[in-house]
There are 2 protein chains.
Amino acid sequence: MARSSTRAPAITDVARLAGVSVPTVSRVITGSVPVSAERKERVHSAIRELGYRPNGAARALVTGRQSAIAVIASNTTRYGYATTLQGIEESARAAGFIVMITVIESDEPEAVSAAVDLALSHPVSGAVVLKFDPAGAAALRALPTDLPVVAVAGGKSDARPHAVLDDTAAAKHATEYLLGLGHSTVHYVAVPTSGRRAGRAAGWRKALEHAGVEPPPIYDAGWDPQRAYEFGRGVAERSDVTAALCGNDELAMAFIRALQECGRRVPDEISVVGFDDHPLSRYWTPPLTTVRQDFADLGRRSFELLGGALDGDGVRSSSVTPRLVLRESAGPVPSSPSR
Amino acid sequence: MARSSTRAPAITDVARLAGVSVPTVSRVITGSVPVSAERKERVHSAIRELGYRPNGAARALVTGRQSAIAVIASNTTRYGYATTLQGIEESARAAGFIVMITVIESDEPEAVSAAVDLALSHPVSGAVVLKFDPAGAAALRALPTDLPVVAVAGGKSDARPHAVLDDTAAAKHATEYLLGLGHSTVHYVAVPTSGRRAGRAAGWRKALEHAGVEPPPIYDAGWDPQRAYEFGRGVAERSDVTAALCGNDELAMAFIRALQECGRRVPDEISVVGFDDHPLSRYWTPPLTTVRQDFADLGRRSFELLGGALDGDGVRSSSVTPRLVLRESAGPVPSSPSR
DNA sequence: GACGACGATGATAACGTTTTCAGACGAGCC
DNA sequence: GGCTCGTCTGAAAACGTTATCATCGTCGTC
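- As annotated in an unreviewed UniProt entry, chain A carries the name LacI family transcriptional regulator and comes from Haloactinopolyspora alba.

Next up, the structure:
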């Protein structure tokens, strides 16, 4: 007890104090092989007395099994990212795994490989990559092929297992909903996407093309609500836009705010549909019609997939289509068009 | 290359292929001791050819140094938590450390010790605890004293280094601001706190007591905007409340929404001040007057402190007082009181 | 020309576990 | 009573790396 300043107690110290051999201590701890009740008790009390804690590095070294997974993402704070991470962590913890997070600053090759190197310089048994954007997609490509990896995404599957939220289908559905309300076209305020043919933009475009309308130019906001706000101020001056789909709810909120500041009413004059069902969306004025995405579930599914990959299952994937939740920010096209 | 199905290449494989000894390979990798240019080149090309990656567990075992830190928190998704985590991760990555996150489900002893055990079962050189709530405070107590630990908090310092955002002072200031606007008292919608005498509630109470007014009962919302919304519906029916301070912006938004649904105007009839300066606060209707807290900076400071603790500095702490940002959700007391 | 210093290199010993293997001991069976 | 079997135990090997130490040239200095 008084020896806290010296080195941490090791298994040999426990063995000596308990008067048993080192392997016996190990067996008591892991429970792999039965040990007589009496010794077991002696070992336990020695552990308590010494405050012994097995050295994870040594254990990982000899077993070759790691109880950590890497999560690679370009961000950890945005709603979708953070909630997915939470889902992953939750399942991982339940399975006795710890998660190591690594963020990729950008999709430039050096940043990507630096992040991958950092993540892989620690013993992990697998990795989950949040492929919500180009940086995520790049990380996925940079990861060695012999490491179990699962991608979390909206988007197409490649050679690796994917847990997907089919936002393409959901965006298509949301766009069709707006079209069905009588709007002649739907504008799109975009978040980044992981690839050309994937994601919300693709679904939006598909719906318009099916309906025979030429997709209008995209407003690209990145992840920045301020950009969406500025688009909103621009749109407020145009009398021809009556409906917009936003890549996420934060964008939708800023966009709506700009419209309202300019005196345009939502949904009376302009309908707006968001994406994600952010926790604050229902408290917005007006409450947001949006596409609910269950990111926590997505995270949990991705960890399950990783577990499968660890056990050597083939490439499996899992897809869920999010559904539209109707609130008050979208409505029928204005009866007396403001043109 | 074709051997990807067998075990991963080890340093011995590299040494053999390069025709040098194992320690030489190690020296090339770590750069600790000079190696002749020619051998260095041979080693590098062997590494490339084999796709060799040093085994972190073995390295950690022998050096005793770990390049990972544990972050222990009760949540990773809420604005303050997520942003602090981001700040920590950013500084840690810059210093070559990786972050392992562990969430504590609750402040019950079993949950706390399970989380601590999981975090410490992996080789870490230190830990950062988010002491924003009782669970965080409990984790801090459960951590062994010989591990370098820093707490991130609003609240008092104990024996360990703390990075603090002085939300007590800030809450006092915000309350005084409302009082200065002519409100006879200020109600408080509370978030959880890490201890009795700490946090926003304490500052709010102090300001009222200084002003000689008896603090009204607290509305305890936990972290749940829905609860704040319900309080808002209750408050809307009372004509005697003219000012409220909310423990965070999410709560403030839901609270305001409830008031507005009931036809009460903010700030004309009731003033509301939030906390945190959530990214959406400026887009709210009305834009939120709130206390800006720089959580990312808080996270960065906490990692710096941990670096100091690792190097054996004494107990240092670092405190910043957040400042009020004035927008439109708070104003003077109604001139013709609604009573 | 001998000697000390220095720079690069390799052999070997750690680091703290789990795994493998062999041994001790007692019980049950022929 | 000897044999086999099963259960528990300990000795020793292994995991992949870095640290320590000794060795071997080579160079500069006296």
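Focus: the pattern of salt bridges
Once the charged atoms of two side chains with opposite charge are near each other, the side chains can pair.
Then step 1. Under the counting rule described, the total for this entry stands at 38 salt bridges over all chains.
Then step 2. Taking the shortest distance from any N to any O, the salt bridge between Arg93 of chain A and Glu105 of chain B comes out at 3.2 Å. Of this pair, Arg93 of chain A sits in helix 5 (residues 79–94) while Glu105 of chain B sits in the loop between strand 2 (98–103) and helix 6 (109–120), which puts the two residues in different chains.
Then step 3. Given the relative accessible area of 17%, Arg93 of chain A is considered buried.
Then step 4. Take Glu105 of chain B: its relative accessible area is 55%, and that puts it in the exposed class.

What about the interface of chain A and chain B?
Then step 1. Facing the 53 residues of chain A at the interface are 52 residues of chain B.
Then step 2. Of the roughly 4,400 Å² buried where chain A meets chain B, counting both sides, 62% is carbon and sulfur surface.
Then step 3. Three residues stand out in chain A for area buried against chain B, namely Arg53, Ile98 and Tyr283 of chain A, and they jointly supply 16% of the buried area on that side.
Then step 4. Here Arg53 of chain B and Asp117 of chain A are joined by a salt bridge, their closest N and O atoms 3.4 Å apart.
Then step 5. Where chain A meets chain B, there are 19 residue pairs in polar contact (both at pLDDT 80 or more).
Then step 6. At the level of secondary structure, the elements contributing two or more residues to the side of chain A that touches chain B comprise helix 4 (56–63), helix 5, strand 2 (98–103), helix 6 (109–120), helix 10 (225–236) and helix 11 (249–261) of chain A.
Then step 7. Among the elements that make up the side of chain A that touches chain B, the one with the highest residue count is helix 5 of chain A (7 residues).

Let's talk about the protein's contact with DNA strand C
Then step 1. Residues in contact with DNA strand C amount to 29 residues; listed here are only the nearest, Ile11 and Ser26 of chain A together with Thr24, Arg27 and Pro34 of chain B.
Then step 2. For DNA strand C, the backbone portion of the atoms within 4 Å of the protein, that is sugar and phosphate, comes to 65%.
Then step 3. In this structure, a phosphate oxygen belonging to DNA strand C sits 2.5 Å away from a side-chain N or O atom of Ser26 of chain A.
Then step 4. Separating a phosphate oxygen of DNA strand C from a backbone N or O atom of Ser36 of chain B is a distance of 2.9 Å.
Then step 5. Going through the elements one at a time, helix 2 (22–30) and helix 4 of chain A together with helix 2 (22–30) and helix 4 (56–63) of chain B are the ones with two or more residues in the surface near DNA strand C.

Quick notes on the side chain of Ser91 of chain B
Residues and elements named next belong to chain B.
Then step 1. By the element assignment, Ser91 lies in helix 5 (residues 79–94).
Then step 2. Judged by relative accessible area, which is 15%, Ser91 ranks as buried.
Then step 3. A distance of 3.1 Å separates the side chain of Ser91 from the backbone oxygen of Gly87, its partner in a polar contact.
Then step 4. Apart from residues no more than four positions distant in its own chain, Ser91 is found in contact with Arg300 and Phe303.

Focus: the confidence of the model for chain A
Then step 1. Taken over all residues, the pLDDT of chain A has a mean of 91, while the share at 70 or more is 95%.
Then step 2. For residues 1–5 of chain A, every residue scores under 50 in pLDDT, and the model assigns this stretch 5 contacts once sequence neighbours within four places are set aside.

Examining the relation of the copies chain A and chain B
Then step 1. Of the transformation superimposing chain A on chain B, the axial component is 0.1 Å and the angular component is 180°, with the fit at an RMSD of 0.2 Å. Seen this way, the second copy is the image of the first under a two-fold rotation axis.
Then step 2. Most of the interface of chain A is mirrored in chain B: 98% of its interface residues are interface residues there too.

Quick notes on the packing of helix 1 (residues 11–18) of chain B against helix 2 of chain B
Think of two packed helices as two axes; the pair is described by the angle between the axes and how far apart they sit.
Residue and element names in this part refer to chain B.
Then step 1. Direction vectors running N to C along helix 1 and helix 2 enclose 100°, while the axes themselves pass 8 Å from each other. Compared by their axis directions, helix 1 and helix 2 come out roughly perpendicular. Every residue of helix 2 that contacts helix 1 at Ile11, Thr12, Val14 and Ala15 is listed here: Val22, Val25 and Ser26.
Then step 2. Grouping the constituent residues of the contact of helix 1 with helix 2 by class yields 5 nonpolar, 2 polar and no charged.

Some remarks on the sheet that holds strand 6 (residues 187–190) of chain B
Strand pairs in the sheet, formed through backbone hydrogen bonds, run parallel or antiparallel to each other.
All names here are of chain B.
Then step 1. Strands sit in the order 7-6-8-9-10-12 across an open sheet of 6 strands; the sheet is mixed. Of all strands in the sheet, those bounded by a partner on one side alone are strand 7 (219–220) and strand 12 (323–325).
Then step 2. Sheet analysis places strand 9 (residues 271–276) next to strand 10 (residues 289–292), joined by 4 bridges and oriented parallel. Within strand 10, the residue paired with Val273 across the bridge is Thr289.
Then step 3. Packing of helix 9 (residues 199–210) onto the sheet brings it into contact with strand 6, strand 8 (243–246) and strand 9, and relative to strand 6 it is tilted by some 175°.

Rules used throughout
Residues numbered from 1 in each chain as written. Chains lettered and ligands numbered in written order. Predicted model: local features only at pLDDT ≥ 70, side-chain atom pairs only at ≥ 80, totals over all residues. Heavy atoms only, no water. Salt bridge = Lys/Arg side-chain N within 4 Å of Asp/Glu carboxyl O. Helix = DSSP H or I, 4+ residues; strand = E, 2+ residues; numbered from the N terminus. Buried < 20%, exposed > 50% of the residue type's maximum accessible area, 1.4 Å probe, protein only. Contact = heavy atoms within 4.5 Å. Buried area = accessible area lost by both parts, 1.4 Å probe. Polar contact = N/O pair within 3.5 Å; in protein donor to acceptor, adjacent residues only side chain to side chain. Near = heavy atom within 4 Å. pLDDT = per-residue confidence, 0-100. Least-squares fit on C-alpha atoms with pLDDT ≥ 70 in both. Axes fitted to C-alpha atoms, helices over the stretch in contact; angles between N-to-C directions. Parallel < 35°, antiparallel > 145°, perpendicular 65-115°, else oblique. Nonpolar A, V, L, I, M, F, W, Y, C, P; charged D, E, K, R; others polar. Pairing = 2+ DSSP bridges.

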